[in-house]
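Chain by chain, the residues:
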Amino acid sequence: MGNHSFHDVVKHLTQLQLIYETLNLSKKEMKVIEEMVDVFKTYGDKDISDICIEQTHTEKMVKKSKKVSFLETLELIKQKEYEMVKGVKIRINELNTPEKIMSYIEENPPDKVLGDSTVLDLKILYAILTEENREVRGTKKVIYETIKANIRARKRGIAFSKM
């Protein structure tokens, strides 16, 4: 299939319009064709495939620009704008302190925690738990184990300080 411009589409629609007029088809169908011709005339001799590629590229750029960084997500949580946080399953507003996170992790089995959360959830829990704006990397299981290790280290630290 060769390259076709919007001018070609207008030409074919105009021919179709003449056929419809000859067949005395409804005015409603004629009006639809007239509206399409008006829209396509604005593009002129531009290649249809070029416009489609350009539009696809623009849509991808818009999707990328809407993506919120991890640090921006943490900032939203600090400002308590939980409804603005996207990509999470757990209720961040209920797990917003290290103590609440520790009890949540200790009270629930690993399968439940991993099933009820996304990677972003676990990264956020780790950041809140450690009170650092650092994004931990890895799979869900790796991040979960990192959280568990941090909780164990906290408990050991408390035990040593009470000696």
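Residues numbered from 1 in each chain as written. Predicted model: local features only at pLDDT ≥ 70, side-chain atom pairs only at ≥ 80, totals over all residues. Heavy atoms only, no water.

**Student:** Go over helix H4 (residues 70-78) with me, naming the residues and quoting the values.
**Tutor:** Counting along an α-helix, one turn takes 3.6 residues, and residues three or four places apart therefore face a common direction. Among the residues of H4, Phe70, Thr73, Leu74, Leu76 and Ile77 are the ones counted as buried. Down the axis of H4, the buried set is contained in an arc of 155°. They therefore lie on one face. Of the residues in H4, the exposed ones pointing more than 90 degrees away from the buried face are Leu71 and Lys78. Check the buried side of H4 and you find it contacts helix H7 (119-130). (Buried < 20%, exposed > 50% of the residue type's maximum accessible area, 1.4 Å probe, protein only. Helix = DSSP H or I, 4+ residues; strand = E, 2+ residues; numbered from the N terminus. Arc of directions from axis to C-beta. Contact = heavy atoms within 4.5 Å.)

**Student:** With reference to specific residues and values, describe the nonpolar core.
**Tutor:** Formed by 27 residues in total, the largest nonpolar core has its most connected members in Ile105, Leu122, Leu125 and Ile147. Breaking this core down by element, the ones donating at least two residues are H4, helix H5 (98-107), helix H6 (110-115), H7 and helix H8 (140-161). Ignoring sequence-local partners within four residues, the contact set of Leu122 consists of Val113, Leu114, Ser117, Lys140, Ile143, Tyr144 and Ile147. (Core = buried A, V, L, I, M, F, W, Y, C linked by side-chain atoms within 4.5 Å.)

**Student:** Could you give an account of the pattern of salt bridges, naming the residues involved and the relevant values?
**Tutor:** All chains considered together, the criterion is met by six salt bridges. When the shortest N-O distance is used, the salt bridge between Arg91 and Glu94 registers 4.0 Å. Judged by relative accessible area, which is 57%, Arg91 ranks as exposed. Overall, Glu94 belongs to the partly exposed group, its relative accessible area being 46%. (Salt bridge = Lys/Arg side-chain N within 4 Å of Asp/Glu carboxyl O.)

**Student:** Explain the layout of surface pockets residue by residue, including any values.
**Tutor:** The method is simple in principle: a probe with the dimensions of a water molecule rolls over the atoms, and the space it marks as empty is what remains. Size it by volume and the second largest pocket reaches roughly 210 Å³. The wall of the second largest pocket is formed by Leu74, Ile77, Lys78, Lys80, Tyr82, Asn96, Pro98, Ala127, Ile128, Glu131, Glu132 and Asn133. Residue assignment for the lining of the second largest pocket shows that the elements contributing at least two residues are H4 and H7. The leading source of residues in the lining of the second largest pocket is H4, at three residues. Broken down by class, the residue content of the lining of the second largest pocket amounts to six nonpolar, two polar and four charged. (1 Å grid on protein atoms, 1.4 Å probe; cavity = no way out; pocket = protein on both sides within 12 Å on 5 of 7 lines; lining within 4 Å. Points joined across faces, edges and corners; volume = space filled by probe spheres on them. Nonpolar A, V, L, I, M, F, W, Y, C, P; charged D, E, K, R; others polar.)

**Student:** Got a sec to walk through a negative patch on the surface? Specific residues and values, please.
**Tutor:** Side chains of Glu21, Glu34, Glu35 and Asp38 sit close together on the surface and give a patch of like negative charge. Within the fold, Asp38 resides in helix H2 (residues 27-41). (Patch = residues over 30% accessible without salt bridge, like charges linked within 9 Å, V, L, I, M, F, W, Y side chains within 5 Å. Areas by Shrake-Rupley, 256 points an atom, 1.4 Å probe, with all protein chains shown as cover. Lys, Arg positive; Asp, Glu negative; His and termini not counted. Charge placed at Lys NZ, Arg CZ, Asp CG, Glu CD.)

**Student:** Describe the packing of aromatic side chains, with residues and values.
**Tutor:** Taken as a whole and judged by the stated rule, the model has two aromatic pairs. Their ring planes at 25° and their centres at 5.6 Å tell us that Phe6 and Phe40 sit as a pair that is stacked. One end of the pair, Phe6, is in helix H1 (residues 6-22); the other, Phe40, is in helix H2, with 34 residues separating them in the sequence. Taking 4.5 Å as the distance between ring centres and 25° as the angle between the ring planes, the aromatic pair formed by Phe6 and Tyr43 counts as stacked. Note that Phe6 is positioned in helix H1 and Tyr43 in the loop between H2 and helix H3 (48-66), a separation of 37 residues in sequence. Taking relative accessible area as the criterion, Tyr43 reaches 33% and is therefore assigned partly exposed. (Phe/Tyr/Trp six-rings, centres within 6.5 Å; stacked < 30°, edge-to-face > 60°.)

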